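# Results of the structural survey
One letter stands for each residue in the lines below.
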Amino acid sequence: MTARGVQVADDAGDAEDAEELDVEEALALVNEGNGTGTGNGTAPHPAQAPHAPAARHRTTPWPQAREIAARAARAGARRAPVAVPLGAALGLALAAPLTALTDLPSFDTSAMDGWAVAGPGPWTVRDEGVLAGHDEPEPLTDGEAVRIATGARVPQDTTAVLRSEYGRTDTQGRLHALCEAGHGKDIRPRGQECRSGDQLLPLGTLVTPAVLGLAAAAGYDTLTVIPRPRVDVLVLGDELLTEGLPHGGRIRDALGPMLPPWLRALGAGDTTVRRIGDDAKALHRAITRSRAEVIVTTGGTAAGPVDHLHPTLRRIGAELLVDGVEVRPGHPMLLARTKEDQHLVGLPGNPLAAVSGLLTLADPLLRTLAAHPAPEPYTLPLREAVQGHPYDTRLVPVVLRGDHAVPLRYNGPAMLRGVAVADALAVVPPGGVRPDQEAELLDLPWAAAGIGVCFT
């Protein structure tokens, strides 16, 4: 087996970096040899490909892997809701329907600055005015008006509110309307928005800033929500540096800084990062002592001499739910159930391959645990052709330009330069995509609309 970081290995099904086989090389492997190539550049079916990786029987199709991750979260121990202050609820999902605790508005209020008037004009204007936040004012009698501010409680027997710009006073101080003040005009009647006991929002609604405002208006000080799952990130690899320039065969750790905010954007809560190195005993201790609901590891998902994740999972009796996915980059990713209420997502060590694992396994797992709604799938035509893998899905960084997605360069498994400016990843099926052909897109957290853009 080649050393970690080399792009091609003898057994592409087991070696972490063998899955990073260049697409053109993979096509050549499939088409070479015993005349099995189609002769027209079309890859044969996986079953007909004599050079397909020997371990392909272990791998899971990409769409099915995402379904398994979501189902695994639903099958775990039930997560207890918590009550949190309004200020702490942003980005969480409601664990109970939001029901109005009061009528909204709770009394008739003025929708405009002007005069509250009773009966037909002209009106005699009272000396004192009515301001918001004050007790109920004295009732009006026909032919009487009073200055009123927006949001103030309307006096009993008010016919309408006459806006400031629609009224004038004469030399005797009497108020005249410049246009008709119809009955109920510019008055917000009690219960116009809702009545006490009305359901305002269903269970599972994501708490946005507008939801916080509605909850406060409806009388809430706290909200009952699904808490975000705790996540422990274990960064593996003796070759990783945490500062300075690469040197002496060692490289900078890109995943330690990248994963916590990305995981929070997917629905994670408290996230810790520990650097384990290539130490089997330390990895075993870290996994068995973790109290997080999700453990995310980086690297070590293959079968090299310092890839300790599979042996450790076997040692602790973990259940492998996904062991390799038919996707490039990132196919040696894995998902395991380590306890009834704990799952482990094993990401490949190459940065873009790890991103692929995030979107394939961590995204549906965390969204389901946090009760966050999955984004609606959508497609756009690709402006340029994208070559496909012979038998696996490819995830390719793209930017959105008008009604097209434009594939980006620097999409190798160890590269972040492309995804750093990308809006989404295009899902490229085996065989590739032609120019102007539609492809499914996976939005990246910073490009997605709504609360998903929040990284805190």
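In case you missed it, the structure is sitting above this.
Parameters at a glance
- Residue positions within a chain follow its written sequence, with the count starting from 1.
- At least 70 in pLDDT is required for a residue's local features to be given in this predicted model, at least 80 for side-chain atom pairs to be given and counted, and no such filter applies to totals for whole chains, interfaces and linings, which use all residues.
- Processing note: side-chain calculations cover all non-hydrogen atoms of the structure and skip hydrogens and water entirely.
- Elements are defined by DSSP. Helices are runs of H or I of four residues or more, strands are runs of E of two residues or more, and each kind is numbered from the N terminus.
- Buried means the residue's accessible area, taken with a 1.4 Å probe over protein chains only, is under 20% of the maximum for its type, while exposed means over 50%, and partly exposed covers the values in between.
- Throughout, a residue-residue contact means that at least one pair of heavy atoms, one from each residue, lies within 4.5 Å.
- The Shrake-Rupley method, run with a 1.4 Å probe, gives the accessible areas here. Residue values count only the displayed protein chains as cover.
- Candidate patch residues must exceed 30% relative accessible area and have no salt bridge, after which like charges are joined if within 9 Å and Val, Leu, Ile, Met, Phe, Trp or Tyr side chains if within 5 Å.
- By convention in these notes, a salt bridge is any Lys or Arg side-chain nitrogen within 4 Å of a carboxyl oxygen on Asp or Glu.
- His is not counted here, nor are the chain ends, while Lys and Arg score as positive and Asp and Glu score as negative.
- Charge placement uses NZ in Lys and CZ in Arg. For Asp and Glu, CG and CD serve respectively.
- Strands are labelled as partners when DSSP assigns at least two bridges between them.
- Between the N-to-C directions of two axes lies an angle of 0 to 180 degrees, each axis being a line fitted to C-alpha atoms and, for a helix, fitted only over the stretch in contact.
- Roughly parallel means an angle under 35 degrees; roughly antiparallel, over 145; roughly perpendicular, 65 to 115; everything else is oblique.
- Left-handed is the label given to a crossing in which the near helix is rotated counterclockwise from the far helix by less than a right angle, and right-handed is the label when the rotation is clockwise.
- Ten residues, namely Ala, Val, Leu, Ile, Met, Phe, Trp, Tyr, Cys and Pro, are considered nonpolar, four, namely Asp, Glu, Lys and Arg, are considered charged, and the remaining ones, Gly among them, are considered polar.
- How far a helix is expected to stretch is found by multiplying one less than its residue total by 1.5 Å.

## Quick look at the overall build of the chain
For the chain, the count of helices and strands is seven helices and 28 strands. Looking at the 456 residues of the chain, the share that counts as buried comes to 50%. Intrachain contacts of the chain at a sequence separation of at least 6 include 69% that bridge at least 24 residues. Counting every atom, the chain has about 21,300 Å² of accessible surface; 51% of that belongs to carbon and sulfur.

## Examining a positive patch on the surface
Together, Arg274, Lys281, Arg285, Arg289 and Arg315 give the surface a local cluster of positive charge. At three residues, helix α5 (residues 280-289) tops the list of elements feeding residues into the positive patch. By secondary structure assignment, the location of arginine 285 is in helix α5.

## Some remarks on the sheet that holds strand β3 (residues 93-94)
Taken together, three strands build an open sheet; the order of strands is β2-β14-β3 and the sheet is antiparallel. A single partner strand is all that each edge strand has here, and the edge strands are β2 (82-85) and β3. Looking at chain direction, β3 and strand β14 (residues 222-226) are connected through two bridges and run antiparallel. Within β14, the residue paired with leucine 94 across the bridge is valine 225.

## Re the packing of helix α4 (residues 255-266) against helix α7 (residues 351-369)
The geometry of α4 relative to α7 is characterised by a closest axis approach of 10 Å and an angle of 30° between their N-to-C directions. Our classification of the angle between α4 and α7 gives roughly parallel. Both α4 and α7 take part in a crossing whose hand is right-handed. Where α4 approaches α7, its residues Leu255, Met258, Leu259, Trp262, Leu263 and Leu266 are matched on the opposing element by Pro351, Ala354, Val355, Leu358, Leu359, Ala362, Asp363, Leu366 and Arg367. For the contact of α4 with α7, a count of residues per class yields 13 nonpolar, no polar and two charged.

## Focus: the environment of proline 202
Inspection of the secondary structure puts proline 202 in the loop between β13 (199-201) and α3 (209-217). Here proline 202 falls in the partly exposed class, since its relative accessible area comes to 43%. Along the chain, proline 202 and alanine 96 lie 106 residues apart, while their C-alpha atoms are 7.2 Å from each other. Other than its neighbours up to four places away in sequence, proline 202 contacts Leu94 and Pro97.

## Focus on the sheet that holds strand β15 (residues 231-235)
Taken in spatial order, the six strands make up an open sheet running β18-β15-β19-β23-β22-β20, and their pairing is mixed. At either margin of the open sheet sits one strand with a lone partner, and together these are β18 (271-275) and β20 (319-323). Averaged over all adjacent pairs, the angle separating strand axes in this sheet is 20°, with direction ignored. With four bridges joining them, β20 and strand β22 (residues 334-339) adopt antiparallel strand pairing. If you follow glutamate 319 over to β22, its bridge partner there is arginine 337.

## A few points about α4
If you check α4, its first and last C-alpha atoms are 16 Å apart, about what twelve residues at 1.5 Å a residue would give, namely 16 Å. For α4, the complete set of buried residues consists of Leu255, Gly256, Met258, Leu259, Pro260, Trp262, Leu263, Ala265 and Leu266. Contacts made by the buried residues of α4 are with β15, β18, β19 (294-298), β23 (342-347) and α7. Phi turns positive one or two residues past the end of α4, at glycine 267, with a value near 125°.

## Points about the side chain of histidine 343
As for its placement among the helices and strands, histidine 343 is situated in strand β23. Leave out the neighbours within four places in its chain, and histidine 343 touches Ala72, Glu293, Val294, Ile295, Leu321, Leu335, Ala336, Arg337, Thr338 and Leu365.

## Focus on the pattern of salt bridges
With the rule as written, the count across this model stands at eleven salt bridges. Taking the shortest distance from any N to any O, the salt bridge between arginine 275 and aspartate 253 comes out at 2.7 Å. Within this pair, whereas arginine 275 is found in strand β18, its partner aspartate 253 is found in the loop between β17 (251-252) and α4, the two being separated by 22 residues in sequence. Arginine 275 gets classed as partly exposed once you look at its relative accessible area, which sits at 45%. Since its relative accessible area comes to 5%, aspartate 253 is described here as buried. Here aspartate 363 makes a salt bridge to arginine 367, at a shortest N to O gap of 2.6 Å. Within this pair, aspartate 363 and its partner arginine 367 are both found in helix α7, separated by four residues, close to a single helical turn. Comparing aspartate 363 with arginine 367 shows no difference in burial state: the two are buried. The network of salt bridges with shared partners includes Asp103, Arg190 and Arg195.

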